[in-house]
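Spelled out from the first residue to the last, the chains are:
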Amino acid sequence: MMEKGRKRDRPGGGGGKPASKKQQRKAMAKTPYFSPKPSSSIAGIDVPLDRLMPQKRIELIAELSESILEDPSTALTSSRTDVVSTSSKANVKDPATDTNEKQYHKTQSKMNKLFELASLSTNGHDAHAARLALLSLLAIFQDILPSDRIRLPTEAEMKVRVSKEVKQTWDYERKLLQAYQRYLQLLEKTWEEGKFGHRSLSDHTGPPTTLAATSIIALSQLLQTSYMFNFRSNIIQIVVRQANNHSSDEVRLACCHALSVLFTKDVQGDASLEAVRRIAKMVKDRHHQQGGRGIHPDVLNTWLSLPLRIHEDEAMAAKIAAQVKKKKAKKSQQDKDTQDIENEMKEGEATVDKLELAKNQADTLHVIILTYFRILKVQDDADEQNDNKVVDSKLLPCALRGLAKFSHLIHLDAVVDLLEVLKQLLENGDQLSTDSCVHCILCALKTLRGPGKDTIPVDMKRFLIPLYGLLPRIGIPTNETILSSTNAKDVHSNDEGNIIEEIILCLDHAFLQRRELSSARLAGFLKRLACSSLHCVPTSSVPLLACTRQIASRYSSSSSSKIGRMLENEEDIVAEGVFSPDSEDPEHSNSHATSLWELSLLRYHIHPKVAEQSSNMAEGKLLKLPGEAPTKLCAQMKRDAQEGYIEQKPLWKKHPLDTTATSRKKSRRRQKQVRFITPRMTANWHLQTN
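Here the residue numbers are simple positions, counted from 1 along each chain's written sequence. Where local features are concerned, this predicted model is filtered to residues with pLDDT of at least 70; where side-chain atom pairs are given and counted, the filter is 80 or more; whole-chain, interface and lining totals use all residues. Water and hydrogen atoms play no part in the side-chain values, which are based on all heavy atoms of the structure.

A. The overall build of the chain, seen in detail. Where helices and strands are cited, they refer to DSSP runs of H or I of at least four residues and of E of at least two residues respectively, numbered from the N terminus. Helix and strand content of the chain: 31 helices and two strands. In this scheme, a residue with accessible area under 20% of its type's maximum is buried, one over 50% is exposed, and one in between is partly exposed, where area comes from a 1.4 Å probe on protein chains only. Across the 690 residues that make up the chain, the buried fraction comes to 39%. Here, two residues are considered to be in contact whenever any of their heavy atoms come within 4.5 Å of each other. Counting contacts in the chain only where the partners sit at least 6 residues apart, residues at least 24 apart contribute 72% of the total. Accessible surface, the chain as shown: approximately 41500 Å² in total, 52% of it carbon and sulfur. Per-residue accessibility takes into account occlusion by the displayed protein chains alone, with areas from the Shrake-Rupley method and a 1.4 Å probe.

In structure tokens form, the structure reads like this:
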């Protein structure tokens, strides 16, 4: 009977009947599909790292990373195994000696072993293995970290009786936070040890080591993916500080990109507000410093990624509503606890509080506008100290670009003050850089096209005259560009490629989004654009010619327009006066007395795109939008210049031994033969003539 019972309990066992398919499926369901490796099964986990070969360390990193991702909960805890004593091996059956000699071997957790591999002091000073371990830890934490914050239970909550699953969850979250904090501390320590390279700490000029740069890149990646998790302030503080790194472009670009991604992805706006405040504080402290320790323009350019939508008047209403809500929450301790629970529920549900979002965006807008105006104020103070000699700042174009984007959100009184400051800067435009002048004009034109454009008593002519005088400076490289560029091609491409898009936007706001009533001013701009296209590189000539065609096609359709006369020969033009190309005001240049003779020269340009645009404008053809839009052509030409690509039409030549072409010509001649046939006889006999 016992043998039958055993056979019945073992489906598929030897000696009994074969198990049915149903019993096999039940047996497979009980066994786990995937079982993680225990720590003892990983080869080399107990061996000291300084005794391992470099290849063995790399293999150990791969095995540990795979095992941690398989089961993170067990990878964070250390394990222990029984050690067989000598008395048990000798089959001694004394229970007293068995209990005394029973020992355990404690194995450290897989996460701790991976941390040892990531540190130079514990892995045998293997920089390559430490770099791979840091990157492996980055991938692990990006995979296992939750999307919201973890709040550890308080002492009062720990005394409450809870279930076993809740205790396991609390224990796992506590160990996860400890491991994550240790990883951040390791990254910061690695950066501090290698940020000046292999030189001594007294020399603050060396580039960082590869391992130190890897640690900062890992922090920037964590800021992009885990900005809602704990220790966010620590990461933002380090990334913002290194976004202004002057010794390594790789570190600076990685940190600036991480901040831009944070500003774009942050839905609630609290993380963006914290980062913006730290950047503003750094600008306030270091803006007066000159040389290599000042603020890099890339730091301020990250603010252009902020999706601000709230107006300043709406911001005041949001602040008042937030203050009222805060006063109501302070009535009693019970209401405060209820408010804390509601906040935790909102974080868990990942919902957006519109009132909190409006308040965060309002504070962000206030900090940004205050920083921009501080930069303009420093510029004005420099003008007064140097007797109206402008000291151009690298941050001035960044501030003007940001004001041009967010000017429609600021108050109307601040808009009037902004336009007055811009007018004072353009009065000394000859001493400013071309980039600063272009952004100053673009900021003014965008502000005048924003809300309150009908109530602001400002003439557009004050900003169109500086734009007219700025066009001949497009093809002239600045001194800073000449000193920073070693190649003559880079001098022109770098200097013009950065401002040609802004010039096209200025012309779009001046003549396409509004109606220009002065035909003399319009003719002066068209003539100046055609002259500027002659001495520019093809990367800038093609978008300028396309923009000239777009402006001319809009205003040449009216009956009173004189734009069409400029495409004729100068001998056929009947006009009074002489064209003065050196006039500062386009209305006083008398451009109607001349023609656009530059197009006849550009038709024979070596670049086919320039020749095509000039020929189409001379023939009066319209642009094929959106393919020939000036902004699209600008991006296309810039990409072609970087790749060294010039479009050429293939010329097919006839081979002297090829006779197929002649036969084709004969067949075409036969097809083109015209044959006359006699008309059919109809009933209209009375129309026939003898």
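From this point, things continue past the structure.
B. Broad picture of the packing of helix H7 (residues 110-118) against helix H10 (residues 164-194). Note on geometry: axes are C-alpha line fits, over the in-contact stretch for helices, and angles between N-to-C directions span 0 to 180 degrees. Orientation of H7 relative to H10, taken along the N-to-C sense of each, is 0 degrees, at an axis distance of 11 Å. Classified by the angle their axes make, H7 and H10 are roughly parallel. Facing Met-111, Asn-112, Phe-115 and Ala-118 of H7, the residues of H10 in contact are Ala-179, Arg-182, Tyr-183 and Leu-186. Should an angle lie under 35 degrees it is considered roughly parallel, over 145 roughly antiparallel, and from 65 to 115 roughly perpendicular; all remaining angles are considered oblique.

C. Geometry of the environment of Ser-67. Tracing the chain through its elements places Ser-67 in helix H3 (residues 54-70). In this structure Ser-67 comes out as buried when scored by relative accessible area, which is 2%. As a C-alpha pair, Ser-67 and Lys-110 span 43 residues in sequence and 8.0 Å in three-dimensional space. Identification of polar contacts relies on pairs of N or O atoms within 3.5 Å, with a donor-acceptor requirement for protein atoms, meaning one able to donate a hydrogen and the other able to accept it, and with residues adjacent in sequence counted only if both atoms are side-chain atoms. Separated by 2.4 Å, the side chains of Ser-67 and Lys-110 make a polar contact.

D. How the structure looks around the packing of aromatic side chains. Only centres within 6.5 Å qualify two rings of Phe, Tyr or Trp (six-membered ring in Trp) as a pair; their planes then separate them into stacked at under 30 degrees, edge-to-face at over 60, and tilted for everything else. One pass over the structure, following the stated rule, counts seven aromatic pairs. Pairing Tyr-180 with Phe-229 gives two aromatic rings, centres 5.3 Å apart and planes at 75 degrees, and the pair type is edge-to-face. You can see Tyr-180 sitting in helix H10 and its partner Phe-229 sitting in the loop between helix H11 (210-225) and helix H12 (232-242), a full 49 residues away along the chain. Classification of Tyr-180 by relative accessible area gives buried; the value is 0%. Taking the centre distance of 4.8 Å and the plane angle of 65 degrees together, the rings of Phe-511 and Phe-525 count as edge-to-face.

E. Highlighting the pattern of salt bridges. Salt bridge, as used here: a side-chain nitrogen of Lys or Arg that lies within 4 Å of a carboxyl oxygen of Asp or Glu. Evaluated as defined, the whole model comprises 21 salt bridges. Arg-232 is the salt-bridge partner of Glu-274, the closest N and O atoms lying 3.7 Å from each other. Taken together, the residues span a long stretch of sequence, with Glu-274 in helix H14 (residues 270-286) and Arg-232 in helix H12 at a distance of 42 residues. Classification of Arg-232 by relative accessible area gives buried; the value is 14%. A salt bridge links Lys-621 to Glu-619, with the nearest nitrogen and oxygen atoms 3.3 Å apart. Under the relative-accessibility criterion, Lys-621 is labelled partly exposed at 45%. Through salt bridges with shared partners, a single network forms among Arg-514, Glu-516, Arg-521 and Glu-587.

F. Molecular detail of the packing of H7 against helix H8 (residues 127-144). Two elements in contact, H7 and H8, have axes whose closest approach is 7 Å; the angle formed by their N-to-C orientations is 140 degrees. Comparing their axes, H8 and H7 come out oblique. Residues Met-111, Leu-114, Phe-115, Leu-117 and Ala-118 of H7 touch H8, and the partners they reach there are Ala-129, Ala-130, Ala-133, Leu-134, Leu-137, Ile-140 and Phe-141.

G. View of helix H13 (residues 249-265). Take the number of residues in a helix, subtract one, and multiply by 1.5 Å to get its expected span. Its 17 residues place the ends of H13 24 Å apart at the C-alpha level, agreeing with the 24 Å of an ideal helix rising 1.5 Å per residue. For H13, every residue scored as buried is listed here: Val-251, Arg-252, Ala-254, Cys-255, Cys-256, Ala-258, Leu-259, Ser-260, Val-261, Leu-262 and Phe-263. Here the buried face of H13 lies against H10, H11, H12, H14 and helix H15 (297-301). A distance of 3.4 Å separates the backbone nitrogen of Val-251 from a side-chain oxygen at the start of H13, and that oxygen is part of Ser-248.

H. Up close: the nonpolar core. As used here, the term nonpolar core means buried Ala, Val, Leu, Ile, Met, Phe, Trp, Tyr and Cys residues forming a set that is joined through side-chain atoms within 4.5 Å. Phe-141, Tyr-183, Trp-303 and Ile-551 are the most contacted members of the largest nonpolar core, which has 147 residues in total. Those residues in contact with Tyr-183 that sit more than four places away from it in its chain are Phe-115, Leu-134, Leu-137, Leu-138, Phe-141, Ala-218 and Leu-222.

I. Structural view of unusual backbone geometry. Between Leu-625 and Pro-626 the backbone carries a cis peptide bond, its omega angle lying at 0 degrees. Note on placement: Pro-626 falls in the loop between helix H29 (608-618) and helix H30 (630-643). Here the phi dihedral of His-125 falls at roughly 60 degrees; this positive angle occurs in a residue that is not glycine. Relative to the helices and strands, His-125 is located in the loop between H7 and H8. On the accessibility criterion, His-125 (65% relative accessible area) is exposed.

J. Geometry of the side chain of Ser-589. By the secondary structure assignment, Ser-589 is in the loop between helix H27 (538-555) and helix H28 (598-602). For Ser-589, a relative accessible area of 0% gives the class buried. Apart from residues lying up to four places away in sequence, Ser-589 is in contact with Tyr-468, Gly-524, Val-578, Phe-579, Ser-580 and Ser-583.

K. Representation of the confidence of the model for the chain within the structure. Residue-level confidence of the predictor is summarised by pLDDT, bounded by 0 at the bottom and 100 at the top. For the chain, the mean per-residue pLDDT works out to 77, and 69% of the residues sit at or above 70. Ranking the elements of the chain by mean pLDDT puts helix H1 (residues 2-9) last, at 42, and H13 first, at 94.

L. Region of the structure containing the environment of Arg-277. With respect to the helices and strands, the residue Arg-277 is situated in helix H14. Judged by its relative accessible area of 44%, Arg-277 falls in the partly exposed class. Residues Arg-277 and Thr-371, 94 residues apart in the sequence, show an inter-C-alpha distance of 9.9 Å. Sequence-distant contacts of Arg-277, defined by excluding residues within four places in its chain, comprise Asp-363 and Val-367.

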